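# A look at the structure
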Amino acid sequence: MGPASRSKTARHRSSLVNVLAHPPPGTILREIHQYLGHIGAPHYRYRQLVLSLQQRGTAFEDLRELPEPLRQALAARFGPNVAPLTPVAVEEAEQVEKVLFETRSGARVETVLSRYRAGWSSICVSSQAGCGLACTFCATGAIGLVQNLTADEICAQVVHPRWQKVIPTFADSIAFMGMGEALANPHTFTALDLLTTPGYGGFSPRRITVSTVGFAPNLRRLAKEHPQVTITLSVHSPFAEQRAELIPLERRFPLSENLAILDEHVVSTRRKVYLAYLLIEGVNDSADHLEELAQLVKSRSRPELFHVSVIRYNAASGADPSYRTPPSHRVSEFVAELDARGVHATRRQQFGSSISAACGQLHARSLLRPRRSS
Ligand code: SF4
């Protein structure tokens, strides 16, 4: 499907929905919906407003489908801007654009748009400003938790008019792989509701990936409430003691508990799940690691539905300085050796290593030299 027809699909996605579900609590749309009811506006005004927002209005005054007195009343009640994010810095490389957004409270988060040569695009969103889980390989973990993003702030990263410069419509897929642990933020669930509800985001849940280092209670909730969403669980070491050094959350919610949840999930949904393995030279790339990881996958309930994604470590500011990037051929060998042991594995495609590939790095650098964006 070409860009023009995809754009049409996105526009018609909403126009085909005549009756919109009530927006979830905790969102600005919920407040607007209630306000319109309170002032006695006709029902169709709310639908008009949602459609206008999807055509990328950022301010109430841009929503020309609404009569001017209503636009003014909305701006007076909710402030001039509908979008809760402002872009403050941008880095671009071939196929990738990384934007640093600022929330109304001044917190900063990163969003990355990747465009694949086949015409496919994917957006990687942040769920928290910073992160409190302190994984030792991660730039965001070095910042610490600033705040959970609201559902509006998460969704705004997907639909922000900023992307109009790059793609004609919304991205084809969404990955919760930016800053923060998505499942440590309860607002992630509200955002998923909004993104997948017909007439709002209208995204197929199969086009959404949620990545987690293993926040078990909410992994269980995700599997129950959004069973069609794709799940990626970070493993990074098959040995509990070492994994706890890389991912301290292992001590609260061990890998075994998270894998048991995925075992049930794949049996009930027959959906493939992904195990991320960040390869760090001299840390987790030995023959023992390989063998243990292969055994871990082969002992699953449905091993054919577990896919290992091997990621080459890139030095991140704030990460343990002893960690080293493995040679590229070592990553390919690791994948091939898993494959030879009967484990489905691929190397994750990584774009934009020239623009701070690891999440949180643009944020860290922006603290030193912010560059204003248009
Ligand atoms: S890897 Fe994820 S969970 Fe760990 S510190 Fe970084 S953002 Fe947080």
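Conventions used here
- Residues numbered from 1 in each chain as written.
- Predicted model: local features only at pLDDT ≥ 70, side-chain atom pairs only at ≥ 80, totals over all residues.
- Helix = DSSP H or I, 4+ residues; strand = E, 2+ residues; numbered from the N terminus.
- Contact = placed C-beta atoms within 7 Å.
- Buried ≥ 20, exposed ≤ 12 C-beta atoms within 10 Å, placed from the backbone.
- Near = placed C-beta within 6 Å.
- Nonpolar A, V, L, I, M, F, W, Y, C, P; charged D, E, K, R; others polar.
- pLDDT = per-residue confidence, 0-100.
- Expected span 1.5 Å × (residues − 1).
- Arc of directions from axis to C-beta.
- Pairing = 2+ DSSP bridges.
- Axes fitted to C-alpha atoms, helices over the stretch in contact; angles between N-to-C directions.
- Parallel < 35°, antiparallel > 145°, perpendicular 65-115°, else oblique.
- Right-handed = clockwise from strand over helix to strand, strands pointing away.
- Core = buried A, V, L, I, M, F, W, Y, C linked by C-beta atoms within 7 Å.
- Domains from an automatic or database assignment.

Here the focus is the overall build of the protein chain. The helix and strand tally for the protein chain stands at 13 helices and twelve strands. Residue pairs at least 24 apart in sequence account for 67% of intrachain contacts in the protein chain once pairs closer than 6 positions are excluded.

The next subject is the environment of Gly-214. On the secondary structure map, Gly-214 appears in the loop between strand E8 (208-212) and helix H8 (216-225). Judged by local crowding, Gly-214 falls into the buried class, with 25 C-beta atoms found within 10 Å. What Gly-214 contacts, discounting residues up to four positions off in sequence, is Leu-219, Leu-233, Ser-234, Leu-249, Phe-253, Leu-255 and Asn-258.

In this structure, Asp-285 sits in the loop between strand E10 (273-279) and helix H11 (287-298). When the C-alpha atoms of Asp-285 and Arg-330 are compared, they prove to be 8.4 Å apart, with 45 residues separating the residues in sequence. Setting aside its immediate chain neighbours within four residues, Asp-285 contacts Leu-279, Ile-280, Pro-326, Arg-330 and Phe-334.

Our focus in this paragraph is the site of the ligand. Around the ligand, a shell composed of Cys-131, Leu-133, Ala-134, Cys-135, Cys-138, Thr-140, Gly-141, Met-179, Gly-180, Glu-181 and Val-213 is seen. Here the shell around the ligand is composed, by residue class, of seven nonpolar, three polar and one charged.

With that out of the way, let us pick up the environment of Val-166. The topology assignment puts Val-166 in the loop between helix H6 (151-159) and strand E7 (173-176). Judged by the 13 C-beta atoms lying within 10 Å of it, Val-166 is partly exposed. For the pair formed by Val-166 and Glu-97, sequence separation is 69 residues and the distance between their alpha carbons is 8.7 Å. Not counting the four nearest positions on each side in its chain, Val-166 is found in contact with Glu-97 and Leu-113.

Let us now look at the confidence of the model for the protein chain. With 88% of its residues at a pLDDT of 70 or more, the protein chain has an overall mean of 88. Low pLDDT, under 50, characterises residues 1-16; the stretch is placed with 16 contacts to residues that sit more than four places away or in other chains. This stretch, residues 355-360, has a pLDDT under 50; its non-local contacts, to residues over four places away or in other chains, come to 25 contacts.

A word on helix H10 (residues 255-269). In this model H10 runs 21 Å from its N-terminal to its C-terminal C-alpha over 15 residues, within 8% of the 21 Å that 1.5 Å per residue would give. Those residues of H10 that fall on the buried side of the exposure criterion are Leu-255, Asn-258, Leu-259, Ile-261, Leu-262, His-265 and Val-266. Axial view of H10: buried residues confined to an arc of 155 degrees, hence all on one face. The outward face of H10, more than 90 degrees from its buried face, is lined by the exposed residues Ser-256, Glu-264, Val-267 and Ser-268. Against the buried residues of H10 lie H8, strand E9 (230-234), helix H9 (240-246) and E10.

We now examine the sheet that holds strand E12 (residues 345-347). Strands sit in the order E1-E2-E3-E4-E7-E8-E9-E10-E11-E12 across an open sheet of ten strands; the sheet is mixed. On the outer flanks of this sheet lie strand E1 (85-93) and E12, each paired with one strand and no other. Strand-to-strand, the axes of this sheet are offset by a mean angle of 20 degrees, without reference to chain direction. Relative to E9, E8 runs parallel, the two sharing four bridges. When the sheet's bridge partners are listed, Ser-211 is paired in E9 with Thr-232. Here helix H12 (residues 328-340) sits on the sheet in contact with E10, strand E11 (306-312) and E12, set at roughly 165 degrees to E12.

The element strand E3 (residues 108-115) is extensively covered by neighbouring structure, given that seven of its eight residues are classed as buried. When strand E2 (residues 96-103) meets E3, the two strands line up antiparallel, connected through seven bridges. By the bridge assignment for E3, Lys-98 is matched with Val-112. Across four bridges, E3 lies against strand E4 (residues 121-124) in antiparallel orientation. Along E4, the bridge assignment pairs Leu-113 with Ile-123. Following E3, the chain reverses through five residues before pairing antiparallel with E4; Gly-119 in that reversal takes a positive phi of roughly 105 degrees.

So, on to the packing of H8 against H10. At a closest axis distance of 9 Å, the pairing of H8 and H10 adopts a crossing angle of 10 degrees. Between H8 and H10, the interaxial angle falls into the category roughly parallel. Facing Ala-216, Leu-219, Arg-220 and Ala-223 of H8, the residues of H10 in contact are Glu-257, Asn-258, Ile-261 and His-265. A class-by-class count of the residues in the contact of H8 with H10 yields four nonpolar, two polar and two charged.

Taken across its seven residues, E11 has five buried, putting it largely inside the fold. Bridge count between E10 and E11: seven bridges; the pairing is parallel. Looking at E11, one finds that Tyr-277 is bridged to Val-310. A crossover connection joins E10 to the parallel E11 through H11; in handedness this β-α-β unit is right-handed. Judged from the three bridges that link them, E11 and E12 form a sheet pairing that is parallel. Within E12, the residue paired with Val-308 across the bridge is Ala-345. Of the crossover connections in this fold, the one passing from E11 over H12 to the parallel E12 is right-handed.

Moving on, we get to the nonpolar core. Core analysis: the biggest nonpolar cluster contains 100 residues, and Phe-137, Ile-174 and Leu-195 have the highest contact counts within it. Per element, the largest residue contribution to this core is six residues, and it comes from E10. Lining this core are residues from two domains, each supplying at least three of them: domain 1 (3-78) and domain 2 (85-366). Apart from residues no more than four positions distant in its own chain, Ile-174 is found in contact with Ile-123, Val-125, Val-158, Leu-195, Phe-203, Arg-207 and Ile-208.

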